[in-house]
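# Examination of the molecular architecture
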Amino acid sequence: MKLINIKGNTYYIRGGTNTGVYKFNDNSVLIIDPGLAGLRPKKLATFLDENNLDIKYIINTHEHDDHYGGCNELKKIKDGIKIFAPEDAKFFIEHPDIFGDYVIGGRGNDFLSSKRSKENDTYIEIDDIIQGDEIVLNNDKFEIIKLKGHSRGSIGILTKDKILFVGDLFVGNHILSKFSLLLLNNVKEYLESIEKIKTLDFKYMVLGHGKETISKEESYKIIENHRKVVYKYINEVRLLLGEKITIDNILKQIINNNKLSCNYKEYYFFRSSIVTIISYLVNLDEVNYEIKEGEILYYSKK
C-alpha cells in the first residue's frame, strides 16, 4: 500500500476500490470508502497504524459493498470509529441481503454473494446519517454533494483542499471501455449529477475505480465520455423497441451486439440498467407495453 498525497491533508490509497484518506492535525484520519471486506481492511488498518495514523471516521459514498464492505472489520480492529453514510444508503448497508433482492427482482441467492461476504461478519451499523450539504469532523468542514443516479444514496465529498471524491459516479477510461453499460439506478438523476460536476469548485477528482486523479480540466472529457455511453445505450434500447420485445431479449441483444462479458452478478447489474433505461423512456412517454402469451412486451409509441 502507498499513501498518495493529492494536496494538503488529502490523500488516497489505490486499490480495486480507491480509498480516500484525510489527515487531521492530530494525526487522526477520515477514511472515504474502505473497500471490500476481507484482507484489505486488515492491511489498511496495519498500514495506517505503521504510519502513526489513527482511524477516527469513515464515510461511505454509497451503498455498494465494494465501497463499504470493510467498515465492520475496521471497527473490530479499532473500537470507537464512527461510520457515516447518506440516509438512502443506510438501509442497504445495514441490510445487504436486501440489495441482492433488489437487483435480482425477487429473493437473492448465493450466486450474488461474494466469497468474502460469506466468510466475514459483514453486518455494519451506521452511526450517523449524513444530511445537508456539509459535515464538520474534528473541526474541519467537508462539503457533501448529492450525486444520485448510480445508486439512490450516492454522494460526493469535497475536502477543504478542493479534492472531490465521487464514488462510482465515474469510472476510469480503461474500465469504461470494457463495461460501458453502467450500473444505473435513475437515468435522469445520473445525467443531472454528471453535469453538476461542471459547477463545482475543485482541483482534482478521485474516482472509486480508476488509476489516476482527474483535474477539473480533465473532468470535462470524463463527463462527456460517460454522457455518450449512457445515450448510446438509451438509443440502442429505443431501436430495439421498434418491435415488441421483452426486457430479457433487449438485454440479450445489448450484450451480444456490444460484446459485453459478465458473470452472474454483472448480468443482473446489466439487466437492472436496462430496466432503468426503459423506465426513463416510459417517463418520457415514449414506450407502451402489452402482455401476450405470458410475456410482457415493450414497444415504442412512435
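## Here we look at the nonpolar core
- With 46 residues, the main nonpolar core has Phe 170 and Ile 197 as its most contacted residues.
- Those elements giving two or more residues to this core turn out to be α8 (187–196), α9 (216–240), α10 (247–257) and α11 (264–283).
- Looking at this core, the element that brings in the most residues is α9, giving eight residues.
- Leu 48, Ile 58, Leu 74 and Ala 85 belong to the second-largest nonpolar core, a separate cluster that totals 22 residues.

## Brief notes about the side chain of Glu 236
- Note that Glu 236 resides in helix α9.
- Setting aside residues up to four positions removed in sequence, Glu 236 forms contacts with Ile 254 and Asn 258.

## Quick notes on the packing of α8 against α11
- Their axes nearest at 8 Å, the elements α8 and α11 cross at an angle of 95°. The orientation of α8 relative to α11 falls into the category roughly perpendicular. From α8, Val 187, Lys 188 and Leu 191 reach across to α11, where they touch Thr 276, Ile 277 and Tyr 280.

## Section: a nonpolar patch on the surface
- On the surface, a cluster of nonpolar side chains totalling about 320 Å² of accessible area is made up of Tyr 289, Ile 291 and Ile 296.
- Relative to the helices and strands, Ile 296 resides in strand β15 (residues 295–300).
- According to the relative accessible area criterion, Ile 296 is partly exposed, its value standing at 40%.

## Some words on unusual backbone geometry
- The backbone of Asn 52 sits at a positive phi, close to 55°, despite the residue not being glycine.
- Locating Asn 52 in the fold gives a position in the loop between α1 (39–50) and β5 (54–59).
- You can call Asn 52 exposed: its relative accessible area is 58%.
- The phi dihedral of Lys 162 falls on the positive side, at around 65°, and the residue is not glycine.
- Along the chain, the position of Lys 162 falls in the loop between β10 (155–158) and β11 (163–165).

The rules behind these values
- Residues numbered from 1 in each chain as written.
- Predicted model: local features only at pLDDT ≥ 70, side-chain atom pairs only at ≥ 80, totals over all residues.
- Heavy atoms only, no water.
- Core = buried A, V, L, I, M, F, W, Y, C linked by side-chain atoms within 4.5 Å.
- Buried < 20%, exposed > 50% of the residue type's maximum accessible area, 1.4 Å probe, protein only.
- Helix = DSSP H or I, 4+ residues; strand = E, 2+ residues; numbered from the N terminus.
- Contact = heavy atoms within 4.5 Å.
- Axes fitted to C-alpha atoms, helices over the stretch in contact; angles between N-to-C directions.
- Parallel < 35°, antiparallel > 145°, perpendicular 65-115°, else oblique.
- Patch = residues over 30% accessible without salt bridge, like charges linked within 9 Å, V, L, I, M, F, W, Y side chains within 5 Å.
- Areas by Shrake-Rupley, 256 points an atom, 1.4 Å probe, with all protein chains shown as cover.
- Salt bridge = Lys/Arg side-chain N within 4 Å of Asp/Glu carboxyl O.

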